[in-house]
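Spelled out from the first residue to the last, the chains are:
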Amino acid sequence: MKNYPCCSQEKIRVALYVQKAALQFIDAAKKVDYKLSDEAKKAGFGIDPGELASIVRGHDSKGFKLHGGIEGIASKVRVPLHNGISETEVPLRQNIYGSNQFTEKPPRSFLSFVWDALQDLTLIILIVCAVVSVGVGLATEGWPKGIYDGLGIILSIILVVMVTAVSDYKQSLQFKDLDKEKKKIIVQVTRDGTRQKVSIYDLVVGDIVHLSIGDQVPADGFFISGYSLLIDESGLSGESEPVNISEAKPFLLSGTKVQDGSGKMMITSVGMRTEWGRLMETLNEGGEDETPLQVKLNGVATIIGKIGLAFAILTFMVLTGRLLVTKVMHNELSKWTSDDALTLLNYFATAVTIVVVAVPEGLPLAVTLSLAFAMKKLMNDRALVRHLSACETMGSSTCICTDKTGTLTTNHMVVDKIWVSNKTEAIKGNKGVENLKSMLNQKTMDTLLQSIFQNTGSEVVKGKDGKNTVIGSPTESALLEFGLVMGGDFDSQRQEFKIVKVEPFNSVRKRMSVLVSLPNGGSRAFCKGASEIILKMCSKIIDDKGEIVALSETQSRKVIEIIDGFANEALRTLCLAYKDMEETSKKVNIPEEGYTLIAVVGIKDPLRPGVKEAVQTCLAAGITVRMVTGDNINTAKAIARECGIFTDGGIAIEGADFRSKSPEETRELIPKIQVMARSLPLDKHTFVTQLRKMFDEVVAVTGDGTNDAPALHEADIGLAMGIAGTEVAKENADVIILDDNFQTIVKVAKWGRSVYINIQKFVQFQLTVNVVALMINFVSACLSGSAPLTAVQLLWVNMIMDTLGALALATEPPNNGLMQRPPVGRGVNFITKTMWRNIIGQSIYQLIVLGILEFDGKRLLKLGDNSHDTMVLNTFIFNTFVFCQVFNEINSREMEKINIFRGMFDSWVFVSVMTSTVAFQILIIEFLGTFASTVPLSWHLWLLSILIGSVSLVVAVILKCIPVEQVRKDSTDTHHDGYSALPSGDENV
């Protein structure tokens, strides 16, 4: 289960209590006298923005009534409650009452990232060494020769710091852009008499906003009308009990959530004048927490750093010891010169630089780079990653519990068939509609249209072009469009009947009910929803003559056959029913039984293109796909079979059956369950929990409703739907699938695997460099008394393997081969046997080559014993070492496959890093030798360095031919082989 820190929520609650206490104190001390500005008066407004904000914020019922209640305040802000504001007034209202934007904390400057990069302790020590080196050098060798060594170190440090700062700064800008995407919310408002969708940022004072279950209240305001509106204010107040909003208690606060019911509100405060905005002034948003992989690699970095520190101390002790031995042998122990001091200083600088090289700062950087790169690319693929850790966790997912509607299907629904008056009619074109009209008598037709137009959470609105548009959920829209095609008039139906009470649809009730008062007295209840549930509530039915007759057992079985027949054709089935009543009071409860069945409707929701292939990709990747839906079991099975989820030997089960099983039966059933239908949110939560705890699965779960929040939170990766999902679901999710498409979920898994494998590539590369750099300097110091790689050279190597290496390997795009291997299970060692084979093999090759060059290089290269030839040899060793790392970086692109060049040129970042590394190496050797302690090399020595480095490619091929035993869990095979290993069983349980 994910554990995200709740400190920011605690800060909000504490700030709220402090603020409320302060406001009460201020109010008690003096009464604020609000004065309307001349600009507001001139525009025709009658209430000051501050006064309006204070009434809502302080829940000031007295002030609310003093201004004439909702009608009085609406009049003062110039808004007709039925038609809403005019689109042309938006700029004026923003000018006077403000816009719905929060003042954000200013972004960090580039210089602050430079300062952060300079805080590294080892770099600070090196700067001190460099400054002392310059001072001693000037005293002993004069200007300008005396500053070269120290200046070289300083220039290298500046380069390292600048590259690190640029990288961090770019990532911060990218995360800022992603953070803006997280906060984008679309709300439904009434403007110019039509219902339309606008961004939360475009809301203004006076806007009429429509609220439904799962919505976030977008700004402060007053309740206008609604049904059973329950608001969760726990995010602000900490109170767990939801608040019942009504005309008596009309205050709605920004940032709270709609837990149940529906309603309309008028916006009275936006942006920094809202309760939420005022709190944001006192709080700073915290950054992302470290991901599990970053935590793990920080631990690895610490261990390697300690090993490096031990080697550095040993190297310094050996070098200093040799210097002391030399002085003893020459009887000069009491004679110390400035040259000796400079030598000791260089030894110390080398030791410190070994620590710099050994500490793999690039490990956490590589994770951040890889995750940020993946997040950016996933944004282009229509997936918004809300938590960094989700990206890497998704790569290890072994199971995806997916919804059906809108994820596997298109969510573009149309009424395909209807059973009414004992007859079934296919609604295909005008002919089907005309046939249906001709076979129904007028009374039955009227009742059918009433049930469609009265019992709906959607609306038919006229657009600017004068055409009718249906706004609402896909299922509701399909029914309304069918009603319009049948000749119904939405507006006249709504005007003829007055709605008394509404019970909105939710995933627990699986139905929607409405109570309306009839024009001739009495009332009528309409109910629609899951076919089996509504059918059980019915005791009567409309027969083929339009008469109401008792619903017999035989007739009930026939209706069930009709429902099953529709479901087997992959149609969503709904039953429509009504009941006449005598009473019309609001206090009357909507009945739970005694309804008359009107019709069974079959709604077609086609499978999304490419879903079948995406499911097969998951199965090939060892990811089990399970469908968890609230739909009819036969509909669910038909869709699941069509897209390849439901296979021979798998089980389809209903939520009620699943709940009734004993723990032993559940343990036996869960591995075989491929479809769970008619499930409640609690069933999904239980299913996910047991998959994780009983079978150690890494579970990804999709959800769109408010009640899916517990399952999304319980899962390893919560995936909320961007289109159909409520704000509550999105807030509890790790990733938002912006197009609600299952193929996008597969892309998230693919990128997650890419992140994991890219970090492994980088770790393999860096550990190889670490081992070689530490060993060659230590062994050489012990045997020859000098380190072949100077501080400046080691700093350059450090930048190659840390920042540039991370940039090159951590941003490799994914390939299709990633989805043809099993997922990485929990608790598997990050550094695999394959990686150890490659690290050890490459390190041995490089150490042998560099050792031969260090101790026998002059003879092999036919160099003399003079100081210039010694510099040539050391430069050649440095150059060869760098080219070994360049080619090893190419090797690291593929840890197991021989063809390391495949797709290399598809990654422009990798190619750019390789090119710039080689170009800068040429610059250091040929032109910056004064600072880097190098001399220009002849062309044949350049070629020889490149040739020795390129041999590591051959070494890599040889290493990859050595088999490495792969230890995998048996459970992986049984769970993730496309269900082929599942025992045969009944289709339904």
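This structure is a prediction, so every number in the text was calculated from the model and none was measured.

## A word on the overall build of the chain
Within the chain one finds 36 helices and 26 strands. With 989 residues in all, the chain has 55% of them scored as buried. In the chain, once contacts between residues fewer than 6 apart in sequence are set aside, the share between residues at least 24 apart is 74%.

## Observations concerning unusual backbone geometry
Phi at His 59 takes a positive value of approximately 45°, unusual for a residue other than glycine. As for its placement among the helices and strands, His 59 is situated in the loop between α3 (49–57) and α4 (61–66). Judged by its relative accessible area of 31%, His 59 is partly exposed. Unlike most non-glycine residues, Arg 78 shows phi in positive territory, near 55°. Residue position: Arg 78 is located in the loop between α5 (69–76) and α6 (90–97).

## Thoughts on a nonpolar patch on the surface
A cluster of nonpolar residues, Trp 836, Ile 840, Ile 844, Ile 848, Ile 852 and Leu 860, forms a patch on the protein surface that exposes about 570 Å² of accessible area. The residue Ile 852 is located in helix α31 (residues 833–860) in this model. With relative accessibility at 42%, the residue Ile 852 sits in the partly exposed group.

## Side note on the sheet that holds strand β26 (residues 735–737)
As summarised here, the arrangement of the eight strands in space is β8-β26-β25-β24-β9-β21-β23-β22, forming an open sheet in which the pairing is mixed. Strand pairing shows two members of the sheet lacking a second neighbour, β8 (383–385) and β22 (651–654), which therefore form its edges. Taken pair by pair, the neighbouring strands of this sheet meet at an average axis angle of 20°, ignoring direction. When strand β21 (residues 624–628) meets strand β23 (residues 673–677), the two strands line up parallel, connected through two bridges. Paired with Met 627 across the strands is Val 675, a residue of β23. With respect to the sheet, helix α26 (residues 681–695) is in contact with β9 (399–402), β21, β23 and β24 (699–703), its orientation differing from that of β24 by roughly 170°.

## A short note on the nonpolar core
In this structure, Met 394 and Phe 742 are the most contacted members of the largest nonpolar core, which totals 140 residues. The element contributing the most residues to this core is helix α29 (residues 742–784), with 20 residues. If near-sequence neighbours (up to four positions away) are discounted, Phe 742 is found in contact with Ile 400, Thr 402, Thr 407, Leu 408, Val 611, Ala 614, Val 615, Cys 618 and Val 625. The next biggest cluster of nonpolar side chains, apart from the first, holds 47 residues, and it includes Leu 52, Val 77, Val 209 and Ile 245.

## So, the side chain of Ser 199
Looking at where Ser 199 falls in the secondary structure, it is placed in strand β2 (residues 194–199). The class of Ser 199 is buried, set by a relative accessible area of 18%. Excluding residues within four positions of it along the chain, Ser 199 makes contact with Ile 185 and Ile 186.

## Overview of the pattern of salt bridges
Two side chains that carry opposite charge are able to pair once their charged atoms sit near each other. Counted according to the given criterion, the structure contains 24 salt bridges. Between Lys 672 and Glu 668 there is a salt bridge, with its nearest N and O atoms 4.0 Å apart. As a salt-bridge pair, Glu 894 and Arg 902 come within 3.4 Å of each other at their nearest N and O atoms. With relative accessibility at 11%, the residue Glu 894 sits in the buried group. Under the relative-accessibility criterion, Arg 902 is labelled partly exposed at 40%. Each of Arg 78, Glu 89 and Arg 93 takes part in one network of salt bridges that share partners.

## Topic: α26
Across its 15 residues, α26 extends 21 Å between first and last C-alpha, which sits within 8% of the 21 Å expected from 1.5 Å per residue. Residues Pro 681, Asp 683, Lys 684, Phe 687, Val 688, Thr 689, Gln 690, Leu 691, Arg 692 and Phe 695 constitute the buried set of α26.

## Focus: the packing of aromatic side chains
Tallying each qualifying case throughout the model produces 12 aromatic pairs. Ring plane angle 75° and centroid distance 6.0 Å describe the contact between Phe 453 and Phe 490, whose orientation is recorded as edge-to-face. Separated by 37 residues along the polypeptide, Phe 453 in helix α17 (residues 442–454) and Phe 490 in helix α19 (residues 490–496) bring together distant segments of the chain. The pair Phe 453 / Phe 490 is uniform in exposure class, with both members buried. Ring pairs connect the aromatic residues Phe 64, Phe 222 and Phe 251, which therefore count as one cluster. Note that Arg 108 overlies the ring of Phe 113, its terminal NZ or CZ placed 4.1 Å from the centroid. The residue whose ring lies beneath Arg 893 is Phe 910, and the NZ or CZ to ring-centre distance is 5.6 Å.

## Observations concerning the packing of α31 against helix α32 (residues 867–891)
For the pair α31 and α32, the least separation of the axes is 10 Å and the interaxial angle reads 170°. As the angle between them shows, α31 and α32 are arranged roughly antiparallel. Judged by residue contacts, Gln 842, Gln 846, Leu 850, Leu 853, Glu 854, Gly 857 and Lys 858 of α31 engage Thr 870, Leu 873, Asn 874, Phe 876, Ile 877, Thr 880, Phe 881, Cys 884, Gln 885, Asn 888 and Asn 891 from α32. Each residue belonging to the contact of α31 with α32 can be placed in one class, and the counts come to seven nonpolar, nine polar and two charged.

## Quick notes on helix α21 (residues 553–568)
Look at α21: 22 Å from first C-alpha to last across 16 residues, which is about the 22 Å you get at 1.5 Å a residue. Remark: Ala 570 follows α21 within two positions and exhibits a positive phi of approximately 65°.

## Re the UniProt feature "transmembrane region" (unreviewed entry) in the chain
Residues given the UniProt feature "transmembrane region" (unreviewed entry) here are residues 121–140, 146–166, 303–325, 345–374, 771–796, 870–887, 908–933 and 939–959. Helix makes up 100% of residues 870–887 and strand makes up 0%, while its end C-alpha atoms are separated by 26 Å. As annotated, residues 939–959 comprises 100% helix and 0% strand, and the C-alpha atoms at either end are separated by 31 Å.

## Digging into the pairing of strand β20 (residues 595–604)
Most of β20 is tucked away, with nine of its 10 residues classed as buried. Note: strand β17 (residues 538–542) against β20, three bridges, orientation parallel. Considered in β20, the bridge of Ile 541 is made with Leu 597. Taken together, the eight bridges between strand β19 (residues 571–581) and β20 define a ladder with antiparallel strand orientation. Bridging across to β20, Thr 573 finds its partner in Gly 602.

## As for the environment of Ile 85
When you line up the elements, Ile 85 lands in the loop between α5 and α6. Between the alpha carbons of Ile 85 and Asp 207 there is a distance of 6.1 Å; along the sequence they are 122 residues apart. Contacts of Ile 85, omitting those with residues within four sequence positions, involve Val 79, Val 90, Arg 93, Thr 190, Arg 191, Asp 192, Val 204, Gly 206 and Asp 207.

## Some remarks on the environment of Val 385
Position of Val 385 relative to the elements: it lies in strand β8. Spatially, the C-alpha atom of Val 385 lies 9.0 Å from that of Val 748, the residues being 363 residues apart in sequence.

## Re the confidence of the model for the chain
With 87% of its residues at a pLDDT of at least 70, the chain reaches an overall mean of 82. With pLDDT under 50 throughout, residues 26–30 is counted as low confidence; its partners more than four residues away or in other chains account for zero contacts. Segment residues 967–989 is flagged for pLDDT under 50; beyond a separation of four residues in sequence, or across chains, it makes 48 contacts in the model.

## Considerations on the environment of Gln 119
By the secondary structure assignment, Gln 119 is in the loop between α7 (110–117) and α8 (121–141). Given the relative accessible area of 40%, Gln 119 is considered partly exposed. At 2.9 Å, the side chain of Gln 119 forms a polar contact with the backbone oxygen of Trp 115.

Criteria and cut-off values
- Residues numbered from 1 in each chain as written.
- Predicted model: local features only at pLDDT ≥ 70, side-chain atom pairs only at ≥ 80, totals over all residues.
- Heavy atoms only, no water.
- Helix = DSSP H or I, 4+ residues; strand = E, 2+ residues; numbered from the N terminus.
- Buried < 20%, exposed > 50% of the residue type's maximum accessible area, 1.4 Å probe, protein only.
- Contact = heavy atoms within 4.5 Å.
- Patch = residues over 30% accessible without salt bridge, like charges linked within 9 Å, V, L, I, M, F, W, Y side chains within 5 Å.
- Areas by Shrake-Rupley, 256 points an atom, 1.4 Å probe, with all protein chains shown as cover.
- Salt bridge = Lys/Arg side-chain N within 4 Å of Asp/Glu carboxyl O.
- Pairing = 2+ DSSP bridges.
- Axes fitted to C-alpha atoms, helices over the stretch in contact; angles between N-to-C directions.
- Core = buried A, V, L, I, M, F, W, Y, C linked by side-chain atoms within 4.5 Å.
- Expected span 1.5 Å × (residues − 1).
- Phe/Tyr/Trp six-rings, centres within 6.5 Å; stacked < 30°, edge-to-face > 60°.
- Lys NZ or Arg CZ within 6 Å of the ring centre and 35° of its normal.
- Parallel < 35°, antiparallel > 145°, perpendicular 65-115°, else oblique.
- Nonpolar A, V, L, I, M, F, W, Y, C, P; charged D, E, K, R; others polar.
- UniProt positions renumbered as here; feature names shortened; annotations may be inferred.
- pLDDT = per-residue confidence, 0-100.
- Polar contact = N/O pair within 3.5 Å; in protein donor to acceptor, adjacent residues only side chain to side chain.

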